[in-house]
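A closer look at the structure
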Amino acid sequence: MSKVLVLLLFVGSIGLAGWEFHDYSNSGEEISVHPLQGNSGEVGGLRLTSVMSPVRVLVTVDYEINIQDETNNAYEYVVEVLDPLGRKVGNADGSHVVKREDQGPNYEASRMTHIADTFDVITDGLYQANWSLKQKKANIRGASLKFRRNVRSLNWSVMALAGGCFLLGWVVVFSKIRNRKN
């Protein structure tokens, strides 16, 4: 019985957290998608108004990589969003790392979506996004910059419930181990 309880608690924890992260990243309504060509550039003429707040910027990258080392830096990205007055309202930089699995394949083709930033629209008007995407060990097959409006924040009560399930699962595991020793 305790094995089933532990399994349910761990699966429930992972399921709740995964569900919340999925809803968080896909919340709101997509405003626009901009394919990215080259290593850097700008996306201009994005009309935003305060009723769209908050706005989330996502970077999607299609890549392929030959996994040679234990840790492989696939690519790096930088995104900077400027309001109509040229003020920076959003900024993000990040990278994607692919780790080698012991028995895993040496080649991976995948798509990653990164939440670059979320910002409030204070000034109505035309916004601009400057971006750069540097491939390291991966071959980038395609990339895009997406904007979503009226997105929601992370629901911390669901995340706390997921964390509580995870901790309770470990409490049950350790209590069973201690009971066996006695």
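The structure we're discussing is the one just above.
Heads up: these notes are all about the structure in this document.

Definitions and cut-offs
- Residues numbered from 1 in each chain as written.
- Predicted model: local features only at pLDDT ≥ 70, side-chain atom pairs only at ≥ 80, totals over all residues.
- Heavy atoms only, no water.
- Salt bridge = Lys/Arg side-chain N within 4 Å of Asp/Glu carboxyl O.
- Helix = DSSP H or I, 4+ residues; strand = E, 2+ residues; numbered from the N terminus.
- Buried < 20%, exposed > 50% of the residue type's maximum accessible area, 1.4 Å probe, protein only.

Okay, the pattern of salt bridges next. Going through the model one piece at a time under the given rule, you end up with 9 salt bridges. Note that Arg 152 and Glu 20 form a salt bridge whose closest N and O atoms lie 2.9 Å from each other. With a gap of 132 residues between them, Arg 152 in the loop between strand S8 (138-149) and helix H2 (156-181) and Glu 20 in helix H1 (residues 2-25) connect regions that are remote in the sequence. For Arg 152, a relative accessible area of 30% puts it in the partly exposed group. With a relative accessible area of 4%, Glu 20 lands in the buried category. The salt bridge involving Arg 87 is made with Asp 83; its shortest N-O contact spans 2.7 Å. With a relative accessible area of 41%, Arg 87 lands in the partly exposed category. Using a relative accessible area of 6% as the deciding quantity, one classes Asp 83 as buried.

Scope: geometric values only; no functional claims are made or implied.
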